[in-house]
Amino acid sequence: MIVDDSQLAKTKLRRNLLKQRQLMTVNEWREKSDRICTQLQNSPLFTQAKTILAYFSFRQEADLSPLFTDNKYCWGFPRCVGKSMYWHLWNPEDTLAIGNYGISEPHPHAPVIKPEEVDLILVPSVACDYQGYRLGYGGGYYDRLLSSPEWATKPTIGIIFDFAYLPQLPVAYWDKPLNFVATENKLSKLSNLLC
């Protein structure tokens, strides 16, 4: 397998940013996560949505769990199977399973959410840039999801801490830009949003 320069640059950047994220104190992480939740709650894109796809915080990602108790919304969470993600409905009283990567996920028997039901996708990210490109963990799950026609038009918000909002990331041809980026300091609309 040939690894190009952008992949090597992504790997190095990912390692550095994850290390920086791990250096946050629990109080700093909680406070910044709460501020990101507030940014989302003040966004019409969020407040007008009915079904929102989210994630369970892992490796000190921004924790959005305070939002999940709001029963005004239907919440969906991913379950990774092979190289695909399946989205399942989840309520706070539902138990969780631990997936292949050690990440909490809904049980396989939880109701599946179809693309046409989804109003918004909150995308966990290691970093995002001003053009909307995201640095993930390298598995390509979200790039594959957002490349498929039934998901490509869904509004997306990359969720990161402000130190990981960068002018430019290394980009590969398969990378799909997001529509918005939320940090603890702002919610940025990006130029690639068509609607």
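Residues numbered from 1 in each chain as written. Predicted model: local features only at pLDDT ≥ 70, side-chain atom pairs only at ≥ 80, totals over all residues. Heavy atoms only, no water.

A.B. asks: I'd like to hear about the overall build of the protein, residue by residue, with values.
C.D. replies: If you tally the helices and strands in the protein, you get five helices and 12 strands. Compactness check: the protein gives a C-alpha radius of gyration of 16 Å against a globular reference of 16 Å for 195 residues, within 12% of the reference. Overall, the C-alpha framework of the protein stretches about 45 × 40 × 35 Å when taken along its three principal axes. The buried share of the protein, taken over its 195 residues, is 48%. Here the contacts in the protein between residues at least 6 apart in sequence split such that 68% fall between residues at least 24 apart. Only carbon and sulfur atoms are counted for the fraction: they give 55% of the accessible area of the protein, which is about 10200 Å². The protein carries 21 positive and 20 negative side-chain charges, and their two centres are separated by 4 Å. (Helix = DSSP H or I, 4+ residues; strand = E, 2+ residues; numbered from the N terminus. Rg over C-alpha atoms; globule rule 2.2 N^0.38 Å. Buried < 20%, exposed > 50% of the residue type's maximum accessible area, 1.4 Å probe, protein only. Contact = heavy atoms within 4.5 Å. Areas by Shrake-Rupley, 256 points an atom, 1.4 Å probe, with all protein chains shown as cover. Lys, Arg positive; Asp, Glu negative; His and termini not counted. Charge placed at Lys NZ, Arg CZ, Asp CG, Glu CD.)

A.B. asks: Now, about the pattern of salt bridges: what can you tell me, with residues and values included?
C.D. replies: For the structure on display, the rule yields six salt bridges. Among the ionic pairs, Lys10 bridges to Asp175, the shortest N-O distance being 2.6 Å. Here Asp175 lies in the loop between β10 (165-166) and β11 (180-182) and Lys10 lies in helix α1 (residues 5-22), a separation of 165 residues in the sequence. Across the salt bridge formed by Lys32 and Glu28, the nearest N and O atoms sit 3.3 Å from each other. With Lys32 and Glu28 both in helix α2 (residues 26-41), this residue pair falls four residues apart, about one helical turn. Of the residues examined, Lys32 reaches a relative accessible area of 14% and is grouped as buried. (Salt bridge = Lys/Arg side-chain N within 4 Å of Asp/Glu carboxyl O.)

A.B. asks: If you had to explain the layout of surface pockets to someone new, which residues and values would you point to?
C.D. replies: Estimated volume of the largest pocket: approximately 780 Å³. Around the largest pocket, the lining is made up of 35 residues, and of these Tyr137, Gly138, Gly139, Gly140 and Tyr141 lie nearest the centre. Counting only elements with at least two residues in the lining of the largest pocket, the list comes to α1, β2 (74-81), β5 (104-105), β8 (134-135) and α4 (141-147). Looking at side-chain class alone, the lining of the largest pocket contains 15 nonpolar, 10 polar and 10 charged residues. (1 Å grid on protein atoms, 1.4 Å probe; cavity = no way out; pocket = protein on both sides within 12 Å on 5 of 7 lines; lining within 4 Å. Points joined across faces, edges and corners; volume = space filled by probe spheres on them. Nonpolar A, V, L, I, M, F, W, Y, C, P; charged D, E, K, R; others polar.)

A.B. asks: Can you explain the pairing of β2? Please cite residues and give values.
C.D. replies: Taken across its eight residues, β2 has six buried, putting it largely inside the fold. Two elements, β2 and strand β3 (residues 84-90), share seven bridges in a ladder whose sense is antiparallel. For Trp75, the partnering residue across the bridge sits in β3 and is Trp90. The antiparallel hairpin formed by β2 and β3 contains two residues in its connecting segment, where Gly82 sits at a positive phi of about 60°. (Pairing = 2+ DSSP bridges.)

A.B. asks: Before we move on, can you summarise the packing of aromatic side chains with the specific residues and values?
C.D. replies: Using the criterion set out here, one finds 14 aromatic pairs in the structure. Pairing Phe46 with Trp75 gives two aromatic rings, centres 6.2 Å apart and planes at 45°, and the pair type is tilted. With Phe46 in helix α3 (residues 44-47) and Trp75 in strand β2, this residue pair connects regions lying 29 residues apart in the sequence. For Phe46, a relative accessible area of 2% puts it in the buried group. Given a relative accessible area of 2%, Trp75 falls into the buried group. For the pair Trp87 and Tyr142, a centre-to-centre distance of 6.3 Å together with 65° between the ring planes defines the contact as edge-to-face. With Trp87 in strand β3 and Tyr142 in helix α4, this residue pair connects regions lying 55 residues apart in the sequence. A residue is classified by how much of its surface remains accessible, and Trp87, at 2% relative accessible area, is buried. Under the relative-accessibility criterion, Tyr142 is labelled buried at 8%. Taken together, the ring pairs connect Phe46, Phe56, Phe68, Tyr73, Trp75, Phe77 and Trp90 into an aromatic cluster. (Phe/Tyr/Trp six-rings, centres within 6.5 Å; stacked < 30°, edge-to-face > 60°.)

A.B. asks: Tell me about empty space enclosed by the protein, and name the residues and values.
C.D. replies: Counting across every chain of the model gives one cavity of 30 Å³ or more. Looking at the largest cavity, its volume works out to about 50 Å³. The wall of the largest cavity is formed by Arg21, Glu61, Ala62, Ser125, Val126, Ile159, Ile160, Phe161, Phe163 and Ala164. Counted by class, the lining of the largest cavity contains seven nonpolar, one polar and two charged residues.

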